[in-house]
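Read off the chains here:
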Amino acid sequence: LSVRLSVARGGTRRSRSLFCPFSRGCPLTGQLSASIEPLSLALSLSLSLSLSLSLSLSLSRTREASFTPPLSGMLLRVALVLCVLAGQAHGDSKQPRSCSDVRQFYTEKGFAAAGVPQAAISGEHLRVCPQGYTCCTSQMEDDLSSLSKREFEVQVKESGRTLQASLNSQYKSFDGYFRDLLNRSEASLQDSFQRGFGPLFSQNSRVFQDLYSDLRLYYRGSKINLEESLNDFWARLLERLLRFLNIQYSISEDYLDCVSKQSETLRPFGETPRDFKLKITRTFMAARSFVQGLVVAGEVVRKVSQVPLSAECVRALMKLTYCPHCRGVASVKPCSSYCRNVMKGCLANQADLDTEWKNLAEAMLQVADRLNRPYSMDAAVLSLPKRIAEAILYMQDNLSTFNSKVFQACGKPTESPNPEEPVKRGQNLAEDVSSTSGVGLEKLLSDVSRKLRDMMKYWVQLPGKLCVDREAKTSDENKCWNGMAVDRYLPEVMGDGLASQINNPEVEIDITKPDMTIRQQIMQLKIMTNRLKNAINGNDVDFQDASDDISGSGSGMCSDDQCVRDPRVMTPSTNRPRNYPNPPENKKVVKGLGSRNIPCSALYLLSLATVLLRR
C-alpha cells in the first residue's frame, strides 16, 4: 500500500512516497510525531484512515463487491489533506536543540566535554532521569549521580560540623569555667589555711591535695565513687587532727582504727561532713553529667552525619538535582514539596533520633537549671575551703568533749614521754561566698541553654534546611521541576521518621530495616539521658563509655517503638508525578524536544477494525 503526496512549498513542488508495510515498524508515524507534537494523534489517525481505505478498496475489488464512489472519494480527500499537513509540519520542524549549555555546565563540574552530544539525542538509555530527549549520555548520568551524592554528603556533614562546633564550644566554655572554679577553690584553701592554721595545714597538706585530685578525676569521668572519696577525706583528716591536737598522747594505728569506727557516732566535725557531702556530690554529679552530655551529643552528630546513603536515595538526589540539566531546564528549581520528600526519604533514619535527642536536651536543661540554683555550682565549689575550716575549728573547740567520748569508747592512750605545747586554735580566713550564682555562671548557663533549645529540632528540621537553597519559591509552584517535567508537584509532603516514609513517592525505603548505626546512637542518647536524670535526682552513676552499654551485634537495638514489627515489606513508590512513555529506539538527533511517538501497532489495529466494519 502506498500514498503519494505532492506538496507545494515556495513555488517548488516536492513529491513524497511513504510506505508502511504491516510486517515492519512505521517510520512515517515516527516522522509525523517527531515533527509536531500537537498534531501527532490527528496525523496518525489520518494515516490509519488512509490505510484502512486502501485496504477496503483492495478487498472489495477482490471480492467484486461494490463501493460507493462519493464516500470513497470524500475519505480519500480527507486523508490526503491531513497527510499534506503532516508533510508541511515535517518540513517546518525546528533545528536540533543545542547542548552547548550542558557541555559548559558539565565541564565546570570537572568532567571532560568529549562525551557531551552536540545536540539532543533520544533518551532511552537513561536509567534515572525521564527518558525524553536529552543532552546526557549514560556516562554523564552516572557522573552526575555520583556528584549529587558527594555534594549531598558534604552538605549533611557540613551541617553536622556546624552543630558539632556549637556543642564543642559549649563544652569548652563550661569545662573551662568549672576547672577554673576548682583551681580558684584550691588556691583559696592553700592560702587561707596556710595563714589560718600554719603547721596544722603544712604538715597535712597532702590530705587536701588528694581531695581536689579526686574531685578533678571524678569530674573528668573516672570510675571513682565520690561519696566514698569524701568519706575517706574526712576519715584521714580526723586521724591527722587527732594526733596533731593530742600531741601529749602516743596514738597507735589500732587506736586510730577504733576512733574511725566511732566517728559516725562521735561526729567530731559536727554536721559539716554530711551537709558538705550532699552539696558537693549533687554539684559534681550534675557538672559531670552535663559536660558528658555535650560530648555524647557531639559524637552522635559526628557518627550520624557519616551514615552512607542508600541507592534509592542517590537516584532521587540525581533526579532532583541534575536531571533538569539533562532535560534542558537547568534554570528551573525543584518544587518545594518535591525537594522535601526527597530529603525526608534520604534522612528518614536520622529523623528517628528526634525523640531521644529532645529528651537529652531537656534533661540537660534541667541539669543546667540545677547548677544555677541556690546553692549554686559557684557556691558549692568556692565554699569548700570555708566549710572545711569550719569543721576543723569545730573539732578544736570541742576537743575536750570529743576526747572524753573517745577515751570512753576506745580507752585512754598512753601519754607521750616528750609532751609538746598544745596547738593554738586556728582561724577561718577563707572568703565568704555568696549562695547565688555569679554573673559569669549565669551568662554561661544562659548561653548554653539557649543553644540547647535551638538544637532540639535539628534532625527533623534538617531536610527543610537542606532544601532552602534548592527549592523554588512558593509563587513558582506551577512552574517548578517535579522530577519529571516543569509543572506542579501533586503528592503531599511525608511526615518525619522512617515509618512515615512508607508511601514516599520519591525514595523507596524498606521501613523494616532501620540503619543500625543510627539505632546505636539512639541507644547512646537514651543512656546519657538516664544518667542526666540520675544526676538530677542525686544518684551517682558509673560513667563508662556509652559504647560499652551497646552490643556489637545490633540485637536489642529496636526497643520501644523504634522498629516496625510487621513482616518485611518493600513499599513501592506511589502517587508519582507524570511519567514519560518509552521513547523511540533510534538514538538519532531529534528535531523537536518532548515529542512522543504513538506505536504503529495502534494504527494497524485501527485499520483492521475499519476493514471488519466495512465487511
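Everything here concerns the structure above.
Residues numbered from 1 in each chain as written. Predicted model: local features only at pLDDT ≥ 70, side-chain atom pairs only at ≥ 80, totals over all residues. Heavy atoms only, no water.

Chemist: How should I be thinking about the packing of helix H8 (residues 226-245) against helix H10 (residues 272-304) in this particular structure?
Modeler: Helix packing for two helices is described by the angle between their axes and how far apart those axes are. Interaxial distance between H8 and H10 falls to 10 Å at its minimum, and their mutual angle equals 145°. Two packed elements cross with a definite hand, and for H8 against H10 that hand is right-handed. Along the contact surface, H8 presents Leu 226, Glu 227, Leu 230, Asn 231 and Trp 234, while H10 presents Thr 272, Pro 273, Phe 276, Lys 277, Ile 280, Thr 281 and Phe 284. Residue composition of the contact of H8 with H10, grouped by class: seven nonpolar, three polar and two charged. (Axes fitted to C-alpha atoms, helices over the stretch in contact; angles between N-to-C directions. Helix = DSSP H or I, 4+ residues; strand = E, 2+ residues; numbered from the N terminus. Left-handed = near helix turned anticlockwise from the far one by under 90°. Contact = heavy atoms within 4.5 Å. Nonpolar A, V, L, I, M, F, W, Y, C, P; charged D, E, K, R; others polar.)

Chemist: Any chance you could explain the packing of aromatic side chains here in plain terms?
Modeler: Two numbers describe a pair of aromatic rings. These are the distance of the centres and the angle of the planes. By the definition in use, this model includes 18 aromatic pairs. Ring centres 5.5 Å apart and planes at 45° place the aromatic pair Phe 105 and Tyr 322 in the tilted group. Note that Phe 105 is positioned in helix H4 (residues 100-108) and Tyr 322 in the loop between helix H11 (311-321) and helix H12 (323-326), a separation of 217 residues in sequence. Both residues of the pair, Phe 105 and Tyr 322, count as buried. Ring geometry for Trp 357 versus Trp 459: centroids 5.8 Å apart, planes at 85°, classification edge-to-face. Taken together, the residues span a long stretch of sequence, with Trp 357 in helix H15 (residues 354-372) and Trp 459 in helix H20 (residues 458-467) at a distance of 102 residues. (Phe/Tyr/Trp six-rings, centres within 6.5 Å; stacked < 30°, edge-to-face > 60°. Buried < 20%, exposed > 50% of the residue type's maximum accessible area, 1.4 Å probe, protein only.)

Chemist: What is the right way to look at the state of the cysteines in this model?
Modeler: Disulfides are covalent bonds that connect the sulfur atoms of two cysteines. Counted according to the given criterion, the structure contains seven disulfides. In this model Cys 136 forms its disulfide with Cys 326; the gap between the sulfur atoms is 1.9 Å. When the S-S torsion is -85°, as for the bridge of Cys 136 with Cys 326, the disulfide is left-handed. Here the residue Cys 136 occupies a position in the loop between H4 and helix H5 (138-197), and Cys 326 occupies one in helix H12, the gap between them amounting to 190 residues. Comparing Cys 136 with Cys 326 shows no difference in burial state: the two are buried. At a sulfur-sulfur separation of 2.0 Å, the disulfide partner of Cys 258 is Cys 410. Looking down the S-S bond of the Cys 258 and Cys 410 bridge, the torsion is -90°, so its handedness is left-handed. Taken together, the positions of Cys 258 in helix H9 (residues 253-266) and Cys 410 in helix H18 (residues 399-410) put the pair 152 residues apart, joining distant regions of the chain. (Disulfide = S-S within 2.5 Å.)

Chemist: Even after reading the chapter, I still don't get the packing of H8 against helix H17 (residues 384-397), so can you show me in this structure?
Modeler: It is the contact of H8 with H17, at a shortest axis distance of 11 Å, that shows an interaxial angle of 40°. Considering the angle they form, H8 stands oblique to H17. Between H8 and H17 lies a crossing whose hand is right-handed. Here Phe 233, Trp 234, Leu 237, Leu 238, Leu 241, Leu 242 and Leu 245 of H8 lie close against H17, whose contacting residues are Ile 388, Ala 391, Ile 392, Met 395 and Gln 396. Split by residue class, the contact of H8 with H17 holds 11 nonpolar, one polar and no charged. (Parallel < 35°, antiparallel > 145°, perpendicular 65-115°, else oblique.)

Chemist: I'm lost on the pattern of salt bridges in this one. Help?
Modeler: It is possible for side chains bearing opposite charge to pair when their charged atoms get close. Taken as a whole and assessed by the stated rule, the structure comprises 26 salt bridges. Note that Asp 175 is salt-bridged to Arg 179, the shortest N-O span being 2.8 Å. On the criterion of helical spacing, the pair formed by Asp 175 and Arg 179 is a turn pair, its members being four residues apart in helix H5. A residue is classified by how much of its surface remains accessible, and Arg 179, at 29% relative accessible area, is partly exposed. A salt bridge links Lys 358 to Asp 354; its shortest N-O distance comes to 3.4 Å. In this pair, Lys 358 and Asp 354 both sit in helix H15, four residues apart, roughly one turn of the helix. On the basis of relative accessibility, which here comes to 27%, the residue Lys 358 falls in the partly exposed class. (Salt bridge = Lys/Arg side-chain N within 4 Å of Asp/Glu carboxyl O.)

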